Amino acid sequence: MTAPELVLTSSEMRQADRATIENGIPGIELMRRAGRAVADSAEKLAAPGDRIIVAAGPGQNGGDGFIAAALLFDRGYQVSLGLLGTPDRLAGDAAEAAKGWYGKVERVEDLSFHGADLIIDALFGTGLARDLEGAARLAVERMNASGRPILAVDLPSGIDGDSGAVRGVAVKATRTVTFAVRKPCHLLMPGRAYCGPVEVADIGIGGDTLEAKGGTLFANHATLWTHALPRPGLSSHKYERGHTLVASGGATRTGAARLAARAALRIGSGLVTVASPPEALGVNAAHLTAIMLRGCDGPEGLNTMLQDQRFNSLVLGPALGIHAGTRAMVAVAVHARRSLVLDADALTSFEGLATELHGAFRHAPSVLTPHDGEFNRLFKGHPDLVDPASKIERVRRAAAYTGAVVVLKGADTVIAAPDGRAAINENGTPYLATAGSGDTLCGLIAGLMAQGVPAFEAACAGVWIHAEAGASFGPGLIAEDLAELVPGVLRDLLR
Ligand SMILES: NC(=O)C1=CN([C@@H]2O[C@H](COP(=O)(O)OP(=O)(O)OC[C@H]3O[C@@H](n4cnc5c(N)ncnc54)[C@H](O)[C@@H]3O)[C@@H](O)[C@H]2O)[C@@H](O)CC1
Ligand SMILES: [K+]
């Protein structure tokens with residue numbers, strides 16, 4: 001089976017580089033391999049004889065640029081190189097690499113990018129430490145304005161390697177070649193949009209080293225969770241596949257619960273029941289067939305229902321209303337220690353009251369699925385959770401704080417567990433931004449947990465399957481379609 005795809009932060013990558021060097025591969029050799037990978041990648045974008053302009057920065061990213069420039073010159077390209085700063089400021093491996101470039105070292109300020117068939121952006125990589133200003137900023141603006149294809153070395157200069165944020169301005173790359181593994185900025189927005197297709201070059205940093213220095217952050221692909229997916233055997237019975245309970249809103253707000261319920265059923269929950277306020281029973285009954293329906297009046301009603309241990313997974317939040325009653329229902333659910341997915345109103349009802357949720361979810365598999373607005377409202381007054389520039393850091397901290405798996409939704413949904421594991425999703429589609437889409441996601445996650453899938457794997461799988469279903473439909477997608485598309489996605493996954 002293919003291993004999950006590891007993603008390493010800048011500091012983890014530096015440690016992996018260092019360990020590799022200590023194990024006997026000199027830093028300059030790693031840089032030569034990196035530079036060769038850049039040259040090989042450039043050859044996919046330009047033909048011998050073409051004019052290539054390399055913009056090199058003052059650190060090791062610039063060093064990679066020097067190596068690539070020399071190789072491409074040998075391979076018959078017309079190569080010019082401009083340096084940000086002066087050659088005497090180059091140090092270590094980058095200074096060594098620069099010795100192999102026999103051409104002129106121009107000032108990056110003096111380069112004209114318009115005549116290039118290809119620009120190689122080797123200004124900054126994982127060592128970017130502050131916003132771009134002055135000459136660096138101008139160089140990036142001029143590269144972008146040239147309209148010429150740009151190959152970014154490691155990552156587009158100006159993008160923060162860990163958060164994917166634009167530090168003032170950033171190179172809009174046509175393609176990016178990175179080394180050993182992808183970094184968070186290749187998956188997180190807005191960085192992902194600046195990279196173009198990302199190629200990962202093997203420069204001889206071993207899988208064991210990457211695992212030892214990273215090992216907790218992943219790209220969210222099936223390789224991460226497919227082992228945990230339920231595969232019903234011939235003898236398996238619907239009662240063994242769990243019973244998901246979805247709480248409905250009042251008479252005019254019942255659709256969200258039914259969307260979640262339908263998704264839970266489609267993902268394989270053996271049974272699904274909508275718990276409906278008495279006044280909404282009629283409208284729910286008119287729209288439900290395979291899904292069961294029970295009257296449930298507020299927190300007391302939920303408490304009574306949960307005396308039945310067969311309800312092993314619960315969705316609370318979609319259209320439940322923002323008030324103390326919803327908070328009380330969450331308290332009942334937490335006390336009952338069932339698998340739990342909280343979304344929408346269940347989260348917003350705790351606006352400014354996050355301390356009530358501190359550690360609340362550590363006793364049972366629980367998943368919170370806020371979007372940015374809900375996350376910020378919920379954790380208002382907790383700068384340590386809301387302020388970090390890196391989305392991964394924010395989600396990890398929220399997971400550690402609450403004891404729940406947290407899914408922070410968006411074009412680059414991040415999922416984190418209280419134990420520090422995190423995954424970045426990248427198969428999302430803008431078509432998923434449609435009313436009721438989030439309700440469906442809740443149902444998928446709860447339906448997986450009903451079947452015994454652990455919370456982190458259920459959340460990761462739910463997010464991926466949800467996105468894959470949306471992408472398979474494309475334009476015109478409405479939330480009602482999503483659950484119906486799940487069987488096709490599952491069929492491919494379980495094949
Ligand atoms: N052994 C290794 O560590 C390897 C590193 N590699 C390359 O090395 C890169 C990392 O090298 P470095 O750590 O030297 O970092 P960078 O080359 O990304 O940048 C660091 C340099 O830029 C300056 N700087 C940072 N932010 C600036 C700003 N906003 N404006 C102006 N100057 C700024 C710093 O003072 C420093 O001189 C990777 O991205 C990769 O391309 C590869 O050669 C493979 C091996
Ligand atoms: K770069």
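This structure is a prediction, so every number in the text was calculated from the model and none was measured. (Residues numbered from 1 in each chain as written. Chains lettered and ligands numbered in written order. Predicted model: local features only at pLDDT ≥ 70, side-chain atom pairs only at ≥ 80, totals over all residues.)

> Looking at this structure, how should I read the packing of helix H17 (residues 437-450) against helix H19 (residues 479-494)?
Pairs of packed helices are described in terms of their axes, by the angle between the two and the distance that separates them. The N-to-C vectors of H17 and H19 enclose an angle of 30°; their axes lie 8 Å apart at closest approach. Here H17 lies roughly parallel to H19, going by the angle between them. The handedness of the crossing between H17 and H19 is right-handed. Together, Ser-437, Asp-439 and Thr-440 of H17 and Ala-479, Leu-482 and Ala-483 of H19 make up the contact between the two elements. Taken together, the residues of the contact of H17 with H19 break down into 3 nonpolar, 2 polar and 1 charged. (Axes fitted to C-alpha atoms, helices over the stretch in contact; angles between N-to-C directions. Helix = DSSP H or I, 4+ residues; strand = E, 2+ residues; numbered from the N terminus. Parallel < 35°, antiparallel > 145°, perpendicular 65-115°, else oblique. Left-handed = near helix turned anticlockwise from the far one by under 90°. Contact = placed C-beta atoms within 7 Å. Nonpolar A, V, L, I, M, F, W, Y, C, P; charged D, E, K, R; others polar.)

> Even after reading the chapter, I still don't get the domain arrangement of the chain, so can you show me in this structure?
One frequently used descriptor of interface size is the decrease in accessible area upon assembly of the parts. Under the domain assignment used here, the chain contains domain 1 (10-212) and domain 2 (222-494). Between the C-alpha centres of domain 1 and domain 2 there is a distance of 42 Å. Residue-level contacts link 9 residues of domain 1 with 8 residues of domain 2. (Domains from an automatic or database assignment.)

> Would you explain the pairing of strand E12 (residues 313-316) in this entry?
A regular strand places its side chains so that they alternate between the two faces of the sheet. With burial as the criterion, each face of E12 is covered, one bearing Ser-313 and Val-315 and the other bearing Leu-314 and Leu-316. Pairing of E12 with strand E13 (residues 339-342) involves 4 bridges; the strand directions are parallel. Looking at E13, one finds that Val-315 is bridged to Val-341. Viewed along the sheet, the connection from E12 through helix H12 (residues 324-336) into E13 turns out right-handed. (Buried ≥ 20, exposed ≤ 12 C-beta atoms within 10 Å, placed from the backbone. Pairing = 2+ DSSP bridges. Right-handed = clockwise from strand over helix to strand, strands pointing away.)

> Even after reading the chapter, I still don't get helix H9 (residues 255-266), so can you show me in this structure?
For an α-helix, the turn length of 3.6 residues means that residues three or four places apart are oriented alike. Along its 12 residues, H9 runs 17 Å from first to last C-alpha, staying within 8% of the 16 Å computed at 1.5 Å per residue. The buried count for H9 comes to 11 of 12 residues, which makes it a mostly enclosed element. Buried within H9 we find Gly-255, Ala-256, Ala-257, Arg-258, Leu-259, Ala-260, Ala-261, Arg-262, Ala-263, Ala-264 and Arg-266. Where H9 ends, the next residue or the one after it, Gly-268, has phi of about 115°, a positive value. (Expected span 1.5 Å × (residues − 1).)

> Any chance you could explain the site of ligand 1 here in plain terms?
The environment of ligand 1 is formed by 25 residues, the closest being Gly-59, Gln-60, Asn-61, Gly-125 and Gly-127. Elements represented by at least two residues in the shell around ligand 1 include exactly helix H2 (27-42) and helix H3 (60-74). Broken down by element, the shell around ligand 1 gets its largest block of residues, 5 residues, from H3. Of the residues that constitute the shell around ligand 1, the class distribution is 11 nonpolar, 10 polar and 4 charged. (Near = placed C-beta within 6 Å.)

> Where do I start with unusual backbone geometry in this structure?
Backbone phi values are negative for most residues with the exception of glycine, while trans is the configuration of most peptide bonds. In the segment running from Met-189 into Pro-190, the intervening peptide bond is cis, with an omega of 0°. Of note, Pro-190 is situated in the loop between strand E6 (175-179) and helix H6 (191-195). Not every positive phi belongs to a glycine, and Ala-180 is a case in point at roughly 75°. Within the fold, Ala-180 resides in the loop between E6 and H6. Its identity is not glycine, yet Ala-319 carries a phi of approximately 60°, on the positive side. If you trace the backbone, Ala-319 turns up in the loop between E12 and H12.

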